[in-house]
Amino acid sequence: MMYQIKNKIVVLFLGGILLVACHGLEDLNENPNAAGQEKIDPNLLMPTVIKGTGKTFVGLGFGDLAGVVQHTQKDGWSSGHNSYDWSNDSHSWKGYYALLKNNQTMIEKSETDALDFQLGVGLVLKSYLFGLITDLWGDAPYSEALKGDLGFEYFDSPFDEQSSIYQNIFSDLNRANTLLSKDEGAYFGIEDKQDILYNGEVSKWRKFANSLALRYYMRLSEKEPTLAQQGIANIVSNPSKYPLILDAEDDANMAYIGNTSDDSWPTNTKFDESSQGAYFRIKMAKTLVDALQELDDPRLGVWANKVAEPIVLESDVPDDYDEVIDGERHVSQAIVDAYESSYGFPVDYDKEYIGLPTGLTLGAAYNLSEDVNQGTFNKHASQLNDIYKEASGPLLQARLISAAEVNFVLAEAAEKGWASGSAEQYYNEGILQSFKAWGVVDDYGDYISGAAAYSGYDDILEQKWIASWSAASEAWFDYRRTGLPDLQPGKSAKRRALPLRFYYHIDELDNNTENAEQAVNRLEPTEFLGDDSSNNSAWSKMWLLQGTNKPY
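Scoring rules and cut-offs
- Residues numbered from 1 in each chain as written.
- Predicted model: local features only at pLDDT ≥ 70, side-chain atom pairs only at ≥ 80, totals over all residues.
- Heavy atoms only, no water.
- Patch = residues over 30% accessible without salt bridge, like charges linked within 9 Å, V, L, I, M, F, W, Y side chains within 5 Å.
- Areas by Shrake-Rupley, 256 points an atom, 1.4 Å probe, with all protein chains shown as cover.
- Salt bridge = Lys/Arg side-chain N within 4 Å of Asp/Glu carboxyl O.
- Lys, Arg positive; Asp, Glu negative; His and termini not counted.
- Charge placed at Lys NZ, Arg CZ, Asp CG, Glu CD.
- Helix = DSSP H or I, 4+ residues; strand = E, 2+ residues; numbered from the N terminus.
- Buried < 20%, exposed > 50% of the residue type's maximum accessible area, 1.4 Å probe, protein only.
- Polar contact = N/O pair within 3.5 Å; in protein donor to acceptor, adjacent residues only side chain to side chain.
- Contact = heavy atoms within 4.5 Å.
- Axes fitted to C-alpha atoms, helices over the stretch in contact; angles between N-to-C directions.
- Parallel < 35°, antiparallel > 145°, perpendicular 65-115°, else oblique.
- Left-handed = near helix turned anticlockwise from the far one by under 90°.
- Nonpolar A, V, L, I, M, F, W, Y, C, P; charged D, E, K, R; others polar.
- Core = buried A, V, L, I, M, F, W, Y, C linked by side-chain atoms within 4.5 Å.
- Phe/Tyr/Trp six-rings, centres within 6.5 Å; stacked < 30°, edge-to-face > 60°.
- Lys NZ or Arg CZ within 6 Å of the ring centre and 35° of its normal.

Chemist: Teacher, can you tell me more about a negative patch on the surface here?
Modeler: Among the surface-exposed residues, Asp-296, Asp-442, Asp-443 and Asp-446 lie close enough to one another that they form a single negatively charged patch. Of note, Asp-442 is situated in the loop between helix H14 (423-437) and helix H15 (444-448).

Chemist: In this structure, what is going on with the side chain of Gln-383? I would like to understand it.
Modeler: Here Gln-383 shows up in the loop between helix H12 (333-343) and strand S9 (397-401). Look at Gln-383 and you get buried, because its relative accessible area is 3%. At 3.4 Å, the side chain of Gln-383 forms a polar contact with the side chain of Lys-283. Beyond its immediate chain neighbours, meaning those up to four positions away, Gln-383 contacts Tyr-279, Phe-280, Ile-282, Lys-283, Met-284, Ala-304, Asn-305, Thr-376, Phe-377 and Asn-378.

Chemist: Which parts of the structure should I look at to understand the environment of Gln-118?
Modeler: Among the secondary structure elements, Gln-118 is positioned in helix H5 (residues 116-137). A C-alpha to C-alpha distance of 7.4 Å links Gln-118 and Met-106, two positions 12 residues apart in sequence. In contact with Gln-118, not counting residues within four places along its chain, are Pro-42, Asn-43, Met-46, Met-106, Ser-110, Phe-188, Gly-189 and Ile-190. A distance of 3.2 Å separates polar atoms of two side chains, one belonging to Gln-118 and the other to Asn-43.

Chemist: I would appreciate a short explanation of the packing of H5 against helix H6 (residues 162-179) in the present structure.
Modeler: Helix packing geometry: the angle between the two helix axes and the distance between the axes. Relative orientation of the contacting elements H5 and H6 amounts to 160°, with a least axis distance of 9 Å. Relative to H6, the element H5 lies roughly antiparallel. Considering how the two elements wind past one another, H5 and H6 form a crossing that is left-handed. Across the interface between the two elements, Asp-116, Leu-119, Gly-120, Leu-123, Val-124, Lys-126, Ser-127, Phe-130, Gly-131, Thr-134 and Asp-135 of H5 pack against Gln-162, Ile-165, Tyr-166, Ile-169, Asp-172, Leu-173, Arg-175, Ala-176 and Leu-179 of H6. Residue composition of the contact of H5 with H6, by class: 10 nonpolar, 5 polar and 5 charged.

Chemist: Looking at this structure, how should I read the nonpolar core?
Modeler: In globular proteins that are soluble, nonpolar side chains generally tend to be buried together. In terms of nonpolar packing, the biggest core is built from 152 residues, with Leu-136, Trp-205, Phe-208 and Tyr-388 touching the most fellow members. At 13 residues, the largest contribution of residues to this core is made by H5. Aside from chain neighbours lying at most four places away, what touches Phe-208 is Val-124, Tyr-128, Leu-197, Tyr-198, Ile-245, Ala-252, Leu-400 and Ile-401. In this structure, Ile-311, Ile-354, Leu-356 and Leu-360 belong to the second largest nonpolar core, which totals 14 residues.

Chemist: Where do I start with the packing of aromatic side chains in this structure?
Modeler: Any aromatic ring pair is given by two values, namely how distant the centres are and how the planes are angled relative to each other. In the structure shown here, the tally under the stated rule is 37 aromatic pairs. Taking the centre distance of 5.4 Å and the plane angle of 85° together, the rings of Trp-303 and Trp-438 count as edge-to-face. Highlighted residues: Trp-303 in helix H11 (residues 299-303) and Trp-438 in the loop between H14 and H15, separated in sequence by 135 residues. On the basis of relative accessibility, which here comes to 0%, the residue Trp-303 falls in the buried class. Measuring from ring centre to ring centre gives 6.3 Å for Tyr-388 and Trp-469, while their planes differ by 70°; the resulting arrangement is edge-to-face. Separated by 81 residues along the polypeptide, Tyr-388 in the loop between H12 and S9 and Trp-469 in the loop between helix H16 (457-467) and helix H17 (472-482) bring together distant segments of the chain. Each member of the pair, Tyr-388 together with Trp-469, is buried. One aromatic cluster is present, built from ring pairs that chain together Trp-86, Trp-93, Tyr-96, Tyr-97, Phe-130, Trp-137, Tyr-142, Phe-159, Trp-476, Phe-477, Phe-502 and Tyr-504. Sitting over the ring of Trp-539, Arg-495 keeps its end group 4.8 Å from the ring centre. Looking at Arg-501, its charged tip hangs above the ring of Tyr-504, at a distance of 4.6 Å from the centre.

Chemist: Any chance you could explain the packing of helix H13 (residues 403-416) against H16 here in plain terms?
Modeler: Packing of H13 against H16 leaves a shortest axis separation of 10 Å and a crossing angle of 165°. What the angle tells us is that H13 and H16 run roughly antiparallel. Once H13 is placed against H16, the crossing between them reads as left-handed. Residues Ala-404, Glu-405, Phe-408, Val-409, Ala-411, Glu-412, Glu-415 and Lys-416 of H13 touch H16, and the partners they reach there are Tyr-457, Ile-460, Leu-461, Gln-463, Lys-464 and Ala-467.

Chemist: Sorry, what's going on with the side chain of Asn-43 here?
Modeler: Relative to the elements of secondary structure, Asn-43 occurs in helix H1 (residues 42-61). Under the relative-accessibility criterion, Asn-43 is labelled buried at 3%. Setting aside chain neighbours within four positions, we find Asn-43 in contact with Gln-118, Gly-189, Ile-190, Glu-191 and Gln-194.

Structure below.
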């Protein structure tokens with residue numbers, strides 16, 4: 001659970017001043033009571049970094065990226081979520097670098113004090129955060145980042161090329177694996193309660209490190225297939241040296257405790273009581289709902305509520321016929337025709353689950369909703385399950401990496417001939433571990449023998465997309481790499497293709513101009529650049545995608 005530090009303040013510091021990476025990252029945070037680095041306990045920094053990393057990942061995977069990969073859609077304040085209406089002031093990496101600064105302090109102090117466990121954890125978290133940064137933006141400050149405390153000359157950090165960042169991630173994760181490979185009794189200074197991810201279990205952090213490396217080797221599979229194949233084969237062929245997260249019991253999940261708005265699930269109604277709050281704005285996406293229904297997938301009932309009031313079409317009734325009978329709304333063909341003519345979407349008569357179509361305009365009116373105010377309860381569409389109203393709960397987790405994901409990566413590797421074993425076996429295991437994670441394991445046997453039975457490569461990516469619910473950034477990164485699932489933008493989309501990256505933020509462009517412009521010039525524009533004035537576009541390709549012809 002998230003750790004609340006009592007009577008201690010963990011601060012961003014170094015001489016009382018936070019000078020993170022470069023202009024745009026140089027927030028000065030004077031604190032006359034800030035401790036010097038020599039007095040800092042790495043254990044006290046650990047929960048701060050883990051908590052921030054978990055919240056950041058959920059903010060992506062349950063936020064706008066869930067809209068991009070069509071897990072969810074919004075029917076209020078929806079342009080960034082449904083339509084990818086992003087710009088150079090939409091997404092900033094300041095929060096990432098602030099976490100990395102704290103993490104760097106933990107790493108440095110752990111090295112000084114010979115704390116191998118804390119150092120290994122710090123390297124895993126460093127890899128995770130820098131991995132997100134380069135996955136989301138492309139080239140980014142890395143080798144000269146986080147040095148602002150050394151002087152103003154470090155404010156304008158150069159942007160390391162993306163390929164170099166990935167190589168450094170592999171190096172750090174390999175070092176972390178070594179640091180975390182000793183017997184548990186060989187470590188000292190571990191404070192279990194400060195490790196809000198694994199409660200001080202060294203072996204689980206080691207699995208996290210290697211599973212993260214596996215994720216990134218597969219990330220590079222289209223751009224650098226030889227490197228990816230060698231890296232994956234090295235891990236898979238040495239399970240004792242490179243143990244992986246293969247069971248949901250080892251998933252890297254951070255729970256929410258729900259005592260304040262800061263440590264609660266983001267759609268909770270405990271601290272956001274508005275009838276137009278976050279919970280009510282987010283609805284299930286039709287793309288995901290339809291896929292789950294076709295598979296008779298029990299996870300749908302975990303993630304979504306059934307429609308409160310299904311629509312029933314009546315024939316041979318007056319044109320103005322509109323009546324609720326036994327919890328169902330019966331309407332005439334004339335009412336349906338008028339709605340479909342006005343809004344351009346057909347009425348959905350499903351009696352159980354109904355998702356919002358992608359890129360819907362006037363979403364609050366969808367499916368004959370009588371309350372057309374933004375982000376309100378729609379009786380004729382599926383809300384998120386009631387668990388997402390709660391501030392905390394057993395399923396409300398920041399799911400940083402999972403056994404399901406690892407098994408799907410192994411399935412893909414086996415399908416490519418890069419790993420021994422059966423792709424179908426790994427695929428089945430990925431589904432099983434996802435079912436375990438979501439509490440529906442009893443349905444696995446019927447499910448895997450039905451419509452979800454393995455038939456080929458595309459199935460792996462579809463099931464991985466489904467299993468990334470609330471961790472949708474991974475589904476987006478997979479889509480960019482493979483073009484799967486075949487997701488199409490909706491009517492209101494800013495471009496006629498899904499976006500590929502975040503824009504570099506205006507703060508960086510204005511304050512670290514020369515370095516930022518060099519990075520922008522290394523981006524490759526696509527035909528969907530549109531009216532973006534430079535290559536700094538969500539529809540430009542970073543190094544990772546250049547030359548791959550993926551996803552378009």
